[in-house]
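Structure assessment
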Amino acid sequence: MIRPISTRFTPGSYRGVRDIDVIIIGAGHSGLAMSAQLAAQDIEHVVLEAGDIGQRWRHERWDSLKLLTPNWTLNLPGLMYDGNDSHGFMHKDEVAQYIQMYARAVSAPVKRDSRVHRVYPSGNGYVVRTTQGEWRCRAVVLATGAYADPVVPRLAEAIPADVEQITTRDYKRASDLPPGKVLVVGGSATGLQLAEEINDAGRDVILSVGEHVRMPRKVAGRDVYWWLMRSGVFWETAGEMDDIHRARKLPSPQLRGGSGDLTLESVAKKGVEIVGRFAGVRGRTAQFSGNLPNLCKSADLKLIRLLQRFNEMDHVNLQEPDLLIEPTVLPRSRLCAELGSGEVRTILWATGFKPNYEWLDVDTFDRKGGLRHTGGIVDAPGLYALGLPVMRTRASTFIAGAADDTLAVSQHIRGYLNNQAHTEYTAITAIA
Amino acid sequence: MQNNAAQQNQTVDNGVNVEALLGAREALTEAPEAAQFTWRASSRWIHGTHTQVGVHSFHGLGEEQRHKTEFKFDSDHPEVFAAEDIGPTPVEYVMVGLAGCLTAGVASVAQNRGIQLNKVTATLEGQMDLQGILGIDSDVRNGFNDVRVTFDIDADATQEEIEALVAQSQKRSAVFDVITNPTQVTVEVN
């Protein structure tokens, strides 16, 4: 490639400011996969990691967490899964080890304990300030992921002070929770798994459910991700979707990393009380929406449509019982619960995560604080993102989606750097 | 995705101008302040439990708006409540609103999905325990304890497509939301 002009400054030579072509922020699977792609294209880069590789998996998730996708789906660029449990599901600590192993396998240039304080445009690139000094670069890849900060709805502010509130970032195990009934909020994989886990630990649990995605673990003997990938649903691009805003906000499908289905009915049968969306707080009363039957019906219908799409594939002829989706039937849900000593003592918010770009001092956010981007190409020259929900495709938040996304984004980066170098060269020769 | 939408859109006519609605959606995404609407009604007590309510003006798209004419509604109670039964009860107006809202939603979603509707009827039932409003039992709420809507829809679509229309209509319905979710209500006296 054409060497950029900025490399006239040798790294570290100028008052501790180092120059480099590309800075990747975050050494998770996305950032490391991008490092592998850039290395393959001989693009000079460094990966800045706030702590240690895989730390979010180790320290910011609950003890029992396993990946929702089977091991055979894990194929980071340069490292296919080659363990002996391809149909198994990695425990979170194994995921952390796997990512560390990957960093070694691709010799990623990771700078640990380099927390980024601020990124701002400067000249033809960006200045990146970290706890380990300052960098200048021409392109920045935001690989800090979509799961940095827990999302808690605003009505949390109205909850009485004697009710303990905890998010899934800080929840570790049921035995840590204060005594009394637990209200788990969120109909995602996380919400259902934790409601079940806390209920299994002998605690009374209410699970509040809004819009959700019902998903069987297996269809006709194969894992549902085999079907999602083979049918193309998993690889469907943002542009092909009817409602991209909805797709980006959807909770994770109701699955667990293991055998057997995880449904509202299955957790209800174990004793979890299912209620509608947490809609309001009046004094000490939590109010739940009465729209649960419709949301269950919608989820049933969407699952039927998904199975029909699987069935439209060549050489596939699903028969009952694989196509038969029993309608979700739940006990009549109540609309209120008492907060505090009367009933609910703890609220566990399983209401999702959002990225944190507080340190990103670039004018590229929409009015709701989201990053403006098209398929990871951010609406600011030389700025890129990875790992956001349905960023390029449905696969974008999955380890299995990293290879495709990083390849596409890295090719854009290469084009951008070459083009910029060419423009600078032309400008300089014009002056000369 | 919407299987028959592409082929049938030209021939399907439910009398809903979907292009205008989609255009409005796009325009209001760009100008969220124009999406702020205020709906109004004004009432006048007549006699007994009879009240007359008028609906004429509203605010939206950044300016004052008006219905083509002023609509008048009489609300009263039936004779079994020793009233004159000049109009439906207020709670029946709630069902009027729900039926109108869900059915309009079904028509709009069907148009957008390229589904021709032939006939759409709905019956609504709201269960209520009068021990609430009469103050007999403080554990009984005043309002409906159950609302049931049953649609009968004849359309050029499969049963599942029809069910999906009704489900989507509920997701986008203002009155369904008003009934199923809590709302801040402030009542003042001048």
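Residues numbered from 1 in each chain as written. Chains lettered and ligands numbered in written order. Predicted model: local features only at pLDDT ≥ 70, side-chain atom pairs only at ≥ 80, totals over all residues. Heavy atoms only, no water.

1. Here's the deal with the overall build of chain B
- Of regular secondary structure, chain B possesses five helices and six strands.
- Its helices and strands in sequence order give chain B the pattern α-α-β-β-β-β-α-β-β-α-α, from N to C terminus.
- Across its three principal directions, the C-alpha atoms of chain B cover 55 × 40 × 30 Å.
- A total of 190 residues make up chain B; the buried ones form 28% of that total. (Helix = DSSP H or I, 4+ residues; strand = E, 2+ residues; numbered from the N terminus. Buried < 20%, exposed > 50% of the residue type's maximum accessible area, 1.4 Å probe, protein only.)

2. Quick word on the sheet that holds strand β18 (residues 336-338) of chain A
Residues and elements named next belong to chain A.
- Sheet architecture is open: three strands sit in the order β16-β17-β18, paired in antiparallel fashion. If you trace the sheet from one side to the other, it starts and ends with β16 (278-282) and β18, each paired once. Put simply, the sheet's adjacent strands are angled 25° from each other on average, direction ignored.
- Judged from the four bridges that link them, β16 and strand β17 (residues 285-288) form a sheet pairing that is antiparallel. Along β17, the bridge assignment pairs arginine 282 with threonine 285. (Pairing = 2+ DSSP bridges. Axes fitted to C-alpha atoms, helices over the stretch in contact; angles between N-to-C directions.)

3. Looking at the packing of helix α8 (residues 292-311) of chain A against helix α4 (residues 159-171) of chain B
- Closest axis-to-axis distance for the α8(A)/α4(B) pair is 10 Å, and the angle between their directions is 140°. Taken together, the axis directions place α8(A) and α4(B) in an arrangement best described as oblique. Crossing hand, α8(A) versus α4(B): left-handed. Here Asn294(A), Leu295(A), Lys297(A), Ser298(A), Leu301(A), Lys302(A), Ile304(A), Arg305(A) and Gln308(A) of α8(A) come into contact with α4(B), specifically with Glu160(B), Glu163(B), Ala164(B), Ala167(B), Gln170(B) and Lys171(B).
- By residue class, the composition of the contact of α8(A) with α4(B) is five nonpolar, four polar and six charged. (Parallel < 35°, antiparallel > 145°, perpendicular 65-115°, else oblique. Left-handed = near helix turned anticlockwise from the far one by under 90°. Contact = heavy atoms within 4.5 Å. Nonpolar A, V, L, I, M, F, W, Y, C, P; charged D, E, K, R; others polar.)

4. Structural notes on the domain arrangement of chain B
All names here are of chain B.
- Considered domain by domain, chain B is made up of domain 1 (38-88) and domain 2 (89-181).
- For domain 1 and domain 2, the distance between their C-alpha centroids amounts to 21 Å.
- A buried area of about 510 Å², summed over both sides, lies between domain 1 and domain 2, and 74% of it is on carbon and sulfur atoms.
- Of all residues in domain 1, Ser75, Phe81 and Pro88 bury the most surface against domain 2, accounting for 63% of the area lost on that side.
- If you look at where domain 1 meets domain 2, you find zero salt bridges.
- Taken together, the residues of the side of domain 1 that touches domain 2 sort by class into four nonpolar, three polar and two charged. (Domains from an automatic or database assignment. Buried area = accessible area lost by both parts, 1.4 Å probe. Salt bridge = Lys/Arg side-chain N within 4 Å of Asp/Glu carboxyl O.)

5. Remarks on the packing of helix α2 (residues 18-30) of chain B against helix α3 (residues 90-112) of chain B
Residue and element names in this part refer to chain B.
- At a minimum axis distance of 10 Å, the contact between α2 and α3 shows a crossing angle of 95°. Between α2 and α3, the angle falls in the class roughly perpendicular. Taking contact as the criterion, the partners of Val18, Leu21 and Leu22 in α2 are, on α3, Ser108, Gln111 and Asn112.
- When the residues that make up the contact of α2 with α3 are grouped by side-chain class, the tally is three nonpolar, three polar and no charged.

6. Overview of the sheet that holds strand β11 (residues 181-185) of chain A
All names here are of chain A.
- The strand order across the open sheet built from five strands is β10-β19-β11-β12-β15, with neighbouring strands paired in parallel fashion. Two strands close off the open sheet at either side, each with one partner strand: β10 (164-167) and β15 (273-275). Ignoring which end each strand starts from, the neighbouring axes of this sheet average 20° apart.
- Across five bridges, β11 lies against strand β19 (residues 344-349) in parallel orientation. Paired with valine 182 across the bridge in β19 is threonine 346.

7. Things to note about the environment of Thr49(B)
All names here are of chain B.
- On the secondary structure map, threonine 49 appears in the loop between β2 (42-47) and β3 (50-60).
- Separated by 53 residues in sequence, threonine 49 and leucine 102 have C-alpha atoms that sit 29 Å apart.
- Once you skip the residues sitting within four places of it in the chain, threonine 49 turns out to touch Ser75, Asp76, His77 and Ala83.
- For threonine 49, the side chain forms a polar contact with the side chain of aspartate 76, separated by 2.4 Å. (Polar contact = N/O pair within 3.5 Å; in protein donor to acceptor, adjacent residues only side chain to side chain.)

8. Overview of the side chain of Arg203(A)
Residues and elements named next belong to chain A.
- Among the secondary structure elements, arginine 203 is positioned in the loop between α4 (189-200) and β12 (205-208).
- There is no salt bridge for the buried arginine 203, and the closest opposite charge comes from aspartate 204, which lies 7.8 Å off by N-O distance.
- Only 2.3 Å separates the side chain of arginine 203 from the backbone oxygen of proline 178, close enough to count as a polar contact.
- A distance of 3.1 Å separates the side chain of arginine 203 from the backbone oxygen of glycine 180, its partner in a polar contact.
- Setting aside residues no more than four positions away along its own chain, arginine 203 makes contact with Ala174, Leu177, Pro178, Pro179, Gly180, Val182 and Ile198. (Lys, Arg positive; Asp, Glu negative; His and termini not counted.)

9. Examining a nonpolar patch on the surface
All names here are of chain B.
- Together, Phe37, Trp39 and Leu61 give the surface a local cluster of nonpolar side chains, amounting to about 350 Å² of exposed area.
- As for its placement among the helices and strands, phenylalanine 37 is situated in the loop between α2 and β1 (38-39).
- By relative accessible area, phenylalanine 37 is classed as partly exposed at 34%. (Patch = residues over 30% accessible without salt bridge, like charges linked within 9 Å, V, L, I, M, F, W, Y side chains within 5 Å. Areas by Shrake-Rupley, 256 points an atom, 1.4 Å probe, with all protein chains shown as cover.)

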